Amino acid sequence: MVDPVPLMREAIVIAREALLTSDVPIGAVVFDPTGVVVGRGNNLREFDNDPTAHAEIVALREAALAAKSWRLDNHTLVVTLEPCAMCAGAIAQSRIERVVFGAWDEKAGAVGSVWDILRDPRVPYQVEVVAGVLEDECSELLREFFKGKR
């Protein structure tokens, strides 16, 4: 696998851009098999009034449009926070090959923390998971955001 650190740095840039909105600063990037970015996303739930507008979903939608297919075989999704159950389900359905994430989500994480949907043997499409990439940097973005909210 390609070094995940530069990939995560791209997701962090997108998360920082989200700080300009009222949404939680989470960034996601989808890379095609050649390493080209084909999807980008940050949380747009507040901006779009859409409960499904998580960073991963936004990035997957853009990648599917670029691929002209809902099947994202051999693609990699990089996201700054462990995906939730909704996003993990969408990841599995899209046939993403690999997920790389930064910070763990001890409250709603579905890729190892609370649940492990992507590696559950009952799920028909297994996904490689690389966890904790630039974890401190990704966690700090969230801490700073919520420090101003609480």
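Each chain has its residues counted from 1, running along the sequence as written. Note on the predicted model: pLDDT of at least 70 is required for a residue's local features to be given, and 80 or more for side-chain atom pairs to be given and counted; whole-chain, interface and lining totals, by contrast, use all residues. The side-chain numbers reported here are obtained from all heavy atoms of the structure, hydrogens and water having been left aside.

1. Brief notes about the pattern of salt bridges
Part 1 of the reasoning: The working definition used for a salt bridge is a side-chain nitrogen of Lys or Arg within 4 Å of a carboxyl oxygen of Asp or Glu. This structure, assessed with the given rule, holds 8 salt bridges.
Part 2 of the reasoning: A salt bridge links Glu 137 to Arg 9, with the shortest nitrogen-to-oxygen separation between them at 3.0 Å. A residue pair is termed long-range when its members are at least 10 positions apart, and Glu 137 in helix α5 (residues 135–147) and Arg 9 in helix α1 (residues 4–18) qualify at 128 residues.
Part 3 of the reasoning: Note on Glu 137: relative accessible area 25%, which makes it partly exposed.
Part 4 of the reasoning: For the exposure calls, accessible area comes from a 1.4 Å probe over protein chains only, and a residue counts as buried if that area is under 20% of its type's maximum, exposed if over 50%, partly exposed in between. What makes Arg 9 partly exposed here is its relative accessible area of 40%. A helix here means a DSSP run of H or I that spans at least four residues, while a strand means a run of E at least two residues long, and both kinds are numbered starting from the N terminus.

2. Quick notes on the nonpolar core
Part 1 of the reasoning: Each nonpolar core is a collection of buried residues, namely Ala, Val, Leu, Ile, Met, Phe, Trp, Tyr and Cys, held together in the definition by side-chain atoms within 4.5 Å. Core analysis: the biggest nonpolar cluster contains 42 residues, and Met 8, Val 30, Leu 77, Ile 91, Ile 96 and Leu 118 have the highest contact counts within it.
Part 2 of the reasoning: The element contributing the most residues to this core is α1, with 6 residues.
Part 3 of the reasoning: Should any heavy atoms of two residues lie within 4.5 Å, those residues are considered in contact. Dropping the residues within four chain positions of it, Ile 96 is found in contact with Val 30, Leu 60, Leu 72, His 75, Leu 77, Ile 91 and Val 127.

3. A look at the sheet that holds strand β2 (residues 37–42)
Part 1 of the reasoning: Pairing is mixed in the open sheet, where 5 strands are placed in the order β2-β1-β3-β4-β5. Across the chains shown, the open sheet's two edge strands, defined by having one partner strand only, are β2 and β5 (128–130). For this sheet the average axis-to-axis angle between neighbouring strands, irrespective of direction, equals 15°.
Part 2 of the reasoning: Strand pairing follows a simple DSSP-based rule, namely that at least 2 bridges must link the two strands. Across 3 bridges, the pairing between strand β4 (residues 98–103) and β5 is parallel. Within β5, the residue paired with Arg 98 across the bridge is Glu 128.
Part 3 of the reasoning: Lying on the sheet, helix α3 (residues 55–67) is in contact with β1 (27–31), β2 and β3 (76–81); it crosses β2 at an angle near 155°.
Part 4 of the reasoning: Relative to β4, α5 is tilted by about 60°, and along the sheet it contacts β3 and β4. The angle between two axes is taken between their N-to-C directions and runs from 0 to 180 degrees, where each axis is a line fitted to C-alpha atoms and a helix contributes only its stretch in contact.

4. Observations concerning the environment of Asp 116
Part 1 of the reasoning: When you line up the elements, Asp 116 lands in the loop between β4 and β5.
Part 2 of the reasoning: Counting along the chain gives 84 residues from Asp 116 to Asp 32, while the straight-line C-alpha distance between them is 24 Å.
Part 3 of the reasoning: If we ignore the near neighbours within four places in the chain, the residues touching Asp 116 are Ala 110 and Val 111.

As far as function goes, none of this settles anything; it's purely spatial.
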